[in-house]
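Close look at the chain arrangement
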Amino acid sequence: MKDVADRAGVAMSSVSRVLSDHPDVSDRMREKVLAAVEELGYEPDVLAQSLRTGATRTIGVLVADISNQLFAEISHGAETVLRAEGYSTFVANSLNDPEIAVKQLRMLIKRRVDGLLVSVGEEDGGPIVDAIANSGLPTVLIDRHLGTAGASRVLSDHRAGMSEVIHKLIGLGHKRIALINGIPNVLPAMERAAAARAAAEAHPGVTIDVISGTFSAEHGEEATRAVVSSAQRPTAIVAGSNQILVGVFTALRDLGLRAPADVSLVTCDPVPLAEFMTPALDTIWRDRQELGAVAAGLMLEGLRGAAPREVVLSTEYRVGGCVAAPPV
């Protein structure tokens, strides 16, 4: 900073005011200091600034599995909003492991992030809830409840989209429907299963088989092989995530089954390149980047001292060409 001050011919306090975007700085002063900064290639010491201000202008983002397109798009949506407000993001991956999630969360806290965006793979609570509560940091949960008091939440209305799909399938004559679902104690899986069962209960003679497991292609493939080989084979399958869908596709291909000729197929969440499929894939759709953007907005509110609040975003059934009346 002294070198910048000397080059610009101003006091170090003037350099400090310019670099901290202080309003009481003339345009001429700002131009001189920024020109010197550019000439010298000066980069402010972020650590020193954080020690002085008590803020790093960094938000920790803890997700279950960054290889999942869902979390990549959520993180992108959050980063876009935060970057516009001068914040950076530090993304940590829990690999769907509760123990790793706690370790990663503590790592983010040690790195003195200003707030936490959290979407972990399990919702058993325990150590991670304690770690969030003890951090004292503004926290936003993304599509999770976790039983954490004092945190904001942005949620998807999973029940609405799933209910719409099940009623559509029933209206076409399907009486045996399989939902190949994810981890049963995670909010999206819980809400989807509850909505599917409620829709079936309203129609006597309709059976919903919910097969819970991991959000993985392996679970999708294994569950699909099991249900289509059973005596009570479903005429429609709903894949509970884009990762599960990969396994469903694998099993149907290997068994020589096609959608919708042999079985109707719907998936939860948009799938990359799905628009190029023939027939088009039926999808329970939600805007994943909006999830991240709204979470970032709630974080900014929390950093400014606002009380935590909850926002619920819509889901909807987008018709493709993979759903039809059950085969005769």
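All values reported here derive from a predicted model rather than from experimental measurement. (Residues numbered from 1 in each chain as written. Predicted model: local features only at pLDDT ≥ 70, side-chain atom pairs only at ≥ 80, totals over all residues. Heavy atoms only, no water.)

Overview of the side chain of R286
What counts is decided by this rule: Numbering goes from the N terminus for both helices and strands, where a helix is a DSSP run of H or I of at least four residues and a strand is a run of E of at least two. Here a polar contact means two N or O atoms within 3.5 Å. Within protein one must be a hydrogen donor candidate and the other an acceptor candidate, and residues neighboring in sequence count only if both atoms are side-chain atoms. Residues are treated as being in contact if the distance between any of their heavy atoms lies within 4.5 Å.
Tracing the backbone shows R286 in the loop between β10 (282–285) and α12 (288–303). Looking at R286, its side chain comes within polar contact range of the side chain of D143, at 2.8 Å. At 2.9 Å, the side chain of R286 and the side chain of S156 are in polar contact. Setting aside chain neighbours within four positions, we find R286 in contact with L70, D143, S156, H158, R192, D269, P270, L291, S314 and T315.

Some details on the packing of helix α6 (residues 98–110) against helix α7 (residues 127–135)
To keep things clear, this is the line we draw: Every axis corresponds to a line fitted to the C-alpha atoms, with the helix fit spanning only the stretch in contact, and the corresponding angles, defined between N-to-C directions, vary from 0 to 180 degrees. Angle categories are assigned with fixed cut-offs, so that under 35 degrees is roughly parallel, over 145 is roughly antiparallel, 65 to 115 is roughly perpendicular, and the rest are oblique. Amino acid classes used here: Ala, Val, Leu, Ile, Met, Phe, Trp, Tyr, Cys and Pro are nonpolar; Asp, Glu, Lys and Arg are charged; the rest, including Gly, are polar.
The N-to-C vectors of α6 and α7 enclose an angle of 10°; their axes lie 9 Å apart at closest approach. As summarised for this structure, α6 and α7 are arranged roughly parallel, according to the angle between their axes. In contact with A101, V102, L105 and I109 of α6, α7 contributes P127, I128, A131, I132 and S135. Looking at the contact of α6 with α7 residue by residue, the class counts come to eight nonpolar, one polar and no charged.

Structural notes on helix α9 (residues 187–201)
For an α-helix, the turn length of 3.6 residues means that residues three or four places apart are oriented alike. Inclusion rule: To estimate the expected span of a helix, subtract one from its residue number and multiply by 1.5 Å. Three labels apply to residues, based on accessible area from a 1.4 Å probe with only protein chains included: buried if under 20% of the type maximum, exposed if over 50%, partly exposed otherwise in between.
Look at α9: 21 Å from first C-alpha to last across 15 residues, which is about the 21 Å you get at 1.5 Å a residue. Here α9 has its buried residues at L187, P188, A189, R192, A193, A195, A196, A199 and A200. Its buried side turned inward, α9 meets β5 (152–156), α8 (158–171), β6 (176–180), β7 (207–211) and β9 (264–268).

Overview of unusual backbone geometry
Residue P260 is bonded to the preceding A259 through a cis peptide linkage, with omega at 5°. Along the chain, the position of P260 falls in the loop between α11 (242–254) and β9. Residue P279 follows T278 across a cis peptide bond; omega there is 0°. In this structure, P279 sits in the loop between β9 and β10. Even without glycine at this site, R57 takes up a positive phi of about 55°. Mapped onto the elements of the fold, R57 is located in the loop between α4 (46–53) and β1 (58–63). Despite not being glycine, D269 shows a phi value in the positive range, around 80°. Position of D269 relative to the elements: it lies in the loop between β9 and β10.

Some points on the pattern of salt bridges
Threshold: A pair is scored as a salt bridge if a Lys or Arg side-chain nitrogen falls within 4 Å of a carboxyl oxygen belonging to Asp or Glu.
Summed over the entire model, instances satisfying the criterion amount to 14 salt bridges. One salt bridge connects D254 with R225, and the closest N-O pair in it is separated by 2.7 Å. With D254 in helix α11 and R225 in helix α10 (residues 217–228), this pair connects stretches of sequence that are 29 residues apart. The closest approach of N and O atoms between E301 and R309, which form a salt bridge, is 2.9 Å. The exposure class of E301 is partly exposed, given its relative accessible area of 25%.

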